[in-house]
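# Coordinates in review
What follows is the residue order along each chain.
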Amino acid sequence: MSTLILVGHDGRQADPGLDRLVGAAAALGEPVDLLLVGHGLEAVAASVAHLAGVRDLLCADAPALAEARAETLARQLHAVGAPYRRLLAAHGLGHRAALARAAGLFGNNFLADLVALPEADRCVRPLYAGAVLATVQPQGERLIATLRASAFAPCGTAAAPAPCRAVPAVAADPRSRLLGRSAVGGSRPELAQARIVVAGGRGVGSAEAMGLVEALADHLGAAVGASRAAVDAGYAAAETQVGQTGKTVAPALYLAAGISGAIQHVAGIKDAKLIVAINKDPDAPIFSVADLGLVGDLFEVLPALKAALPAQ
Ligand code: FAD
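Overview of the structure. Here the structure is a predicted model, which is why all the values come from computation and not from measurement. Each chain carries its own residue numbering, running from 1 in the direction its sequence is written. The predicted origin of the model limits local features to residues at a pLDDT of at least 70 and limits the giving and counting of side-chain atom pairs to 80 or more, whereas totals for whole chains, interfaces and linings rest on all residues. In computing side-chain values, all of the structure's heavy atoms are included and hydrogens and water are not.

### Quick notes on the pattern of salt bridges
Any two side chains of opposite charge can pair, on the condition that their charged atoms come close. Basic side-chain nitrogens of Lys or Arg form a salt bridge, by our definition, when they fall within 4 Å of a carboxyl oxygen of Asp or Glu. If you walk through the whole model with that rule in mind, you get 13 salt bridges. A salt bridge links Arg75 to Asp173; the nearest nitrogen and oxygen atoms lie 3.6 Å apart. A residue pair is termed long-range when its members are at least 10 positions apart, and Arg75 in helix 3 (residues 70-80) and Asp173 in the loop between strand 10 (164-166) and strand 11 (196-200) qualify at 98 residues. On the basis of relative accessibility, which here comes to 4%, the residue Asp173 falls in the buried class. Put simply, Arg175 and Asp173 hold a salt bridge, and the shortest N to O gap is 2.6 Å. The class of Arg175 is exposed, set by a relative accessible area of 70%. Each member of the salt-bridge network shares a partner with another, and the members are Arg75, Asp173 and Arg175. Segments assigned H or I by DSSP are reported as helices when at least four residues long, segments assigned E as strands when at least two residues long, and all are numbered from the N terminus. Note on exposure labels: buried denotes an accessible area under 20% of the residue type's maximum, exposed denotes more than 50%, and partly exposed covers the range between, all computed with a 1.4 Å probe on protein chains only.

### A few points about the site of the ligand
Residues in contact with the ligand amount to 25 residues; listed here are only the nearest, Arg202, Ser227, Thr245, Ser260 and Asn279. For this analysis, a polar contact is any N or O atom pair within 3.5 Å, provided that within protein one partner can donate a hydrogen and the other can accept it, and provided that sequence-adjacent residues contribute only side-chain to side-chain pairs. The side chain of Asn279 places a nitrogen or oxygen atom 2.7 Å from an oxygen atom of the ligand. Contact between the ligand and Leu298: a nitrogen atom at 2.9 Å from a main-chain N or O atom of the residue. Shrake-Rupley sampling with a 1.4 Å probe provides the accessible areas, and residues are treated as covered by the protein chains on show and by no other component. When the ligand sits alone it has 990 Å² of accessible area, and the protein chains cover 76% of it. Mapped onto the shell around the ligand, the elements with two or more residues apiece are helix 6 (228-232), helix 7 (263-266) and helix 9 (298-308). For this scheme, ten residues count as nonpolar: Ala, Val, Leu, Ile, Met, Phe, Trp, Tyr, Cys and Pro. Four count as charged, namely Asp, Glu, Lys and Arg, and the remainder, Gly too, count as polar. Its residues assigned to classes, the shell around the ligand shows six nonpolar, 14 polar and five charged. Nearness is judged by heavy atoms alone; a residue qualifies as near a molecule or strand once a single heavy atom is within 4 Å of it.

### Side note on the packing of aromatic side chains
By convention, a stacked pair of Phe, Tyr or Trp rings (six-membered ring in the case of Trp) has centres within 6.5 Å and planes under 30 degrees apart, an edge-to-face pair has planes over 60 apart, and any other such pair is tilted. Taken as a whole and assessed by the stated rule, the structure comprises zero aromatic pairs. Our definition puts a charge over a ring when NZ of Lys or CZ of Arg is within 6 Å of the ring centre and also within 35 degrees of the ring normal. Above the ring of Phe106, the side-chain terminus of Arg142 is found at 4.3 Å from the ring centroid.

### Some words on unusual backbone geometry
Despite not being glycine, Asp113 shows a phi value in the positive range, around 65°. Mapped onto the elements of the fold, Asp113 is located in strand 5 (residues 111-114). For Asp113, a relative accessible area of 15% corresponds to the buried category.

### Focus on the pairing of strand 11
Residues in a regular strand point their side chains to alternate faces of the sheet. Taking burial as the measure, the five residues of strand 11 include five buried ones, the bulk of the element. Burial of strand 11 is two-sided: the residues Ile196, Val198 and Gly200 facing one way and the residues Val197 and Ala199 facing the other way are all buried. Strands were regarded as paired on the criterion that DSSP finds at least two bridges between them. Sheet analysis places strand 11 next to strand 13 (residues 253-257), joined by five bridges and oriented parallel. Its bridge partner lying in strand 13, Val198 is registered against Leu255. Alignment of strand 11 against strand 12 (residues 223-226), held across four bridges, turns out to be parallel. Residue Gly200 lies in a different strand from strand 12, and its bridge partner there is Ala226. When the strands point away from the viewer and the connection leading from the first strand across the helix to the second strand turns clockwise, the crossover is called right-handed. Of the crossover connections in this fold, the one passing from strand 11 over helix 5 (residues 210-220) to the parallel strand 12 is right-handed.

Below is the structure:
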């Protein structure tokens, strides 16, 4: 009855939020192992070895795994995952693709974006853009799922590091390979992990005016977000979309300018600690979810905020 968590990493350290996944799994009171897949994993292993509650680090280390795609990660999970009752990973496009494929290899079902594990065999996941929380019981032999890390409490730190155990590396799946990467967002923090997000909606009115949102974001060291309407109108890049069909964010501060607060947008910001809304319509629905609301014109308020707040 143990749990294996697939570790997301950039080749140097684990993705933020792994401590919360370990916290969620360890709370079930059963052993938790971590699976690291890649090449030259020493630094990544060192970054996770002291997470409290981790029993073993399973390291699948081979040159062919340096850029493991979803198909290969699924193969690796299938190769080492049989003894485990639960296979988990942080929710995100890459891991969702990998775990769904692993579930296929096991002949198991797959659950995405779990926000609670109240019991060993029950899970909670949001439906209808978060309007409903469904308690579901997986029917397969094991639970294979992605977890929304921000919904769980982090584990602590262990005094002694978890031991690293090499496991046989699978052959890379030849059906897809990485041809290249291009960085988006420049030096700004990654949206899903940012401490502050400044977001603009259709109310911004143009791609040029989105520069006001970006200027405040850069002033505060924040990530830039956008509503789907702003993305569809071409004011903002697709990868900045927040919401049901965009990214889920959990910053300490989410500042929404010219965003009405549609349920599909709010679904992506529920875990923000403080929501500040700027809207010229006092009846905009965003004010019902905002902790602080400012009725005003964003073209006046954003530059005023930038002038008043210290640069971060
Ligand atoms: P609007 O609703 O047009 O609101 C613009 C706001 O700006 C208004 O409240 C207005 O008062 C205000 N405003 C205008 N000018 C100013 C000014 N000068 N100063 C201050 N305020 C001003 N939406 C998402 O955001 N993310 C998603 O992931 C997403 N997924 C969806 C999935 C589905 C299946 C569907 C059906 C819809 C989805 N949507 C999503 C779309 C969603 O329903 C809304 O249409 C969208 O969020 C509206 O974006 P908005 O708030 O920017 O625009």
